[in-house]
Amino acid sequence: MKKFIAFSLFIALSFSLFAEEDKPVVAATCSMIADMAENIFGDKAEVISIVPIGGDPHLHEPTPGDAALVNKADIVLKNGLTFEGWLTELIENSGTKAKVYTVTEGVDAIGSLDYENSFDPHAWMNALNGVVYAENIYKAGVELLPAEKDFLENRFNAYKTELENTDKYILEQVSKIPEQHRVLITSHDAFQYFGNKYGLKLQAVQGTSTEAEAQTSDVANIGKQIKESGVPAVFIESTINPKLLKQIAEDNGAVVGGSLYADSLGPKDS
């Protein structure tokens, strides 16, 4: 009981920390969605990511500060597709009255081959899926701020064009890679949407969630893939311990090509 009272007091004292006066608060579950929301809302709302940059949304453990944010929020934007397993409990504990929007609504989700009603949540890896995300955020924005419809629509259209140009750019860049080398080896299986859209074969140490444990067979398959494809480099996501994939690369004559931003954006200007 004492813990609950202290927790509630913390929420009450924290309300003023999150938003500028007279601006609605938009709580996004992860940094990718927050960034999209900032592109749509501009200066009309205070957009805050529940999981901070560099954090892993698969493994996030909500804090009292998260509950205070969600309590204060006017709307919550979530990815869905089994990405934020902690969110339902957080919302219930926060006592929020915010409306929750699933921004993957309308995405052609990749289903799991192993688990019924389970999906790959990393849909933003296809730039055109990003348009779906952005449109859902725009619609949520119009419901929240109907007087700003024209402003939000103009920003959505500009962002849509940017995403469509990004899609074309990725296709052009991938086309420059010899077909036999279009192989992407990563720490966890977050790039199926990217690979399917842009023509890359994928191999990962872990499954679609970073909660999954790497299996001996996965390690062996990756070593085989490196040798057969002749790819010179593997890539490690910024939110994942690099030790295992570094060792696999070293054992099979490859190097670590750099960090990928999969479940989190990088720091500003990275």
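Here we summarise the structure given alongside this text. What you see as residue numbers is a count from 1 along each chain, following the sequence as written. Since the coordinates come from a predicted model, pLDDT governs what is reported: local features require at least 70, and pairs of side-chain atoms require 80 or more to be given and counted, while whole-chain, interface and lining totals use all residues. With hydrogens and water excluded, all non-hydrogen atoms of the structure serve as input to the side-chain values.

**Focus on the packing of helix α3 (residues 64-72) against helix α4 (residues 87-94)**
We count it as follows: Interaxial angles span 0 to 180 degrees and are taken between N-to-C directions of axes, which are lines fitted to C-alpha atoms, for helices over the stretch in contact. Here a helix means four or more residues in a row that DSSP labels H or I, a strand means two or more in a row labelled E, and each is numbered from the N terminus. Reported orientations rely on four angle classes, namely roughly parallel under 35 degrees, roughly antiparallel over 145, roughly perpendicular from 65 to 115, and oblique for the rest. Contact definition: two residues touch when any of their heavy atoms are within 4.5 Å.
Packing of α3 against α4 brings their axes to within 8 Å, and their N-to-C directions diverge by 70 degrees. With respect to each other, α3 and α4 are oriented roughly perpendicular. Residues Asp66, Ala67, Val70 and Asn71 of α3 form the contact with α4, whose own contacting residues are Leu90, Ile91 and Ser94.

**Topic: the environment of Leu69**
Among the secondary structure elements, Leu69 is positioned in helix α3. Each C-alpha atom of the pair Leu69 and Val26 lies 9.3 Å from the other, and the pair is 43 residues apart in sequence.

**Structural notes on the packing of aromatic side chains**
What counts is decided by this rule: Aromatic rings from Phe, Tyr and Trp, with only the six-membered ring used for Trp, were paired whenever their centres fell within 6.5 Å, and each pair was classed as stacked if the ring planes differed by under 30 degrees, edge-to-face if by over 60, and tilted otherwise. Burial classes follow relative accessibility: with a 1.4 Å probe on protein chains only, a residue under 20% of its type's maximum area counts as buried, one over 50% as exposed, and anything between as partly exposed.
Following the criterion strictly, the structure yields 3 aromatic pairs and no others. Seen in terms of ring centroids, Tyr138 and Phe156 are 5.3 Å apart; in terms of plane orientation they differ by 15 degrees. Their pairing is stacked. Of this pair, Tyr138 sits in helix α5 (residues 127-144) while Phe156 sits in helix α6 (residues 149-175), and the two are 18 residues apart along the sequence. As far as the burial class goes, Tyr138 and Phe156 line up, both buried.

**Observations concerning α5**
Since the α-helix advances by 3.6 residues per turn, residues separated by three or four positions end up pointing in the same direction. What counts, and what does not: Multiply 1.5 Å by the residue count of a helix minus one, and that product is the helix's expected span. Under this definition, polar contacts are N or O atom pairs within 3.5 Å; protein pairs additionally need one hydrogen-donor-capable and one acceptor-capable atom, and for neighbouring residues in sequence, both atoms have to be side-chain atoms.
Here α5 contains 18 residues, and its C-alpha end-to-end distance of 26 Å stays within 8% of the 26 Å for a straight helix at 1.5 Å per residue. Residues Ala127, Asn129, Gly130, Val131, Tyr133, Ala134, Asn136, Ile137, Tyr138, Ala140, Gly141 and Val142 constitute the buried set of α5. Lining the buried residues of α5 we find α2 (31-41), β3 (75-78), β4 (99-102), α6 and α7 (192-198). Among the residues of α5, the N-terminal cap falls to Asn126, whose side-chain oxygen and the backbone nitrogen of Leu128 are separated by 2.8 Å.

**Re the pattern of salt bridges**
Going by this rule: When a carboxyl oxygen of Asp or Glu is within 4 Å of a side-chain nitrogen of Lys or Arg, the pair counts as a salt bridge.
Scanning the model with the defined rule gives 5 salt bridges in all. We note a salt bridge from Glu143 to Lys99, for which the minimum N-O separation is 3.0 Å. One end of the pair, Glu143, is in helix α5; the other, Lys99, is in strand β4, with 44 residues separating them in the sequence. Here Lys99 falls in the partly exposed class, since its relative accessible area comes to 44%. The partner of Asp167 in a salt bridge is Lys197, with the nearest N and O atoms 2.9 Å apart. Remark: Lys197 occurs in helix α7 and Asp167 occurs in helix α6; sequence separation between them is 30 residues. Judged by its relative accessible area of 7%, Asp167 falls in the buried class. Since its relative accessible area comes to 27%, Lys197 is described here as partly exposed.

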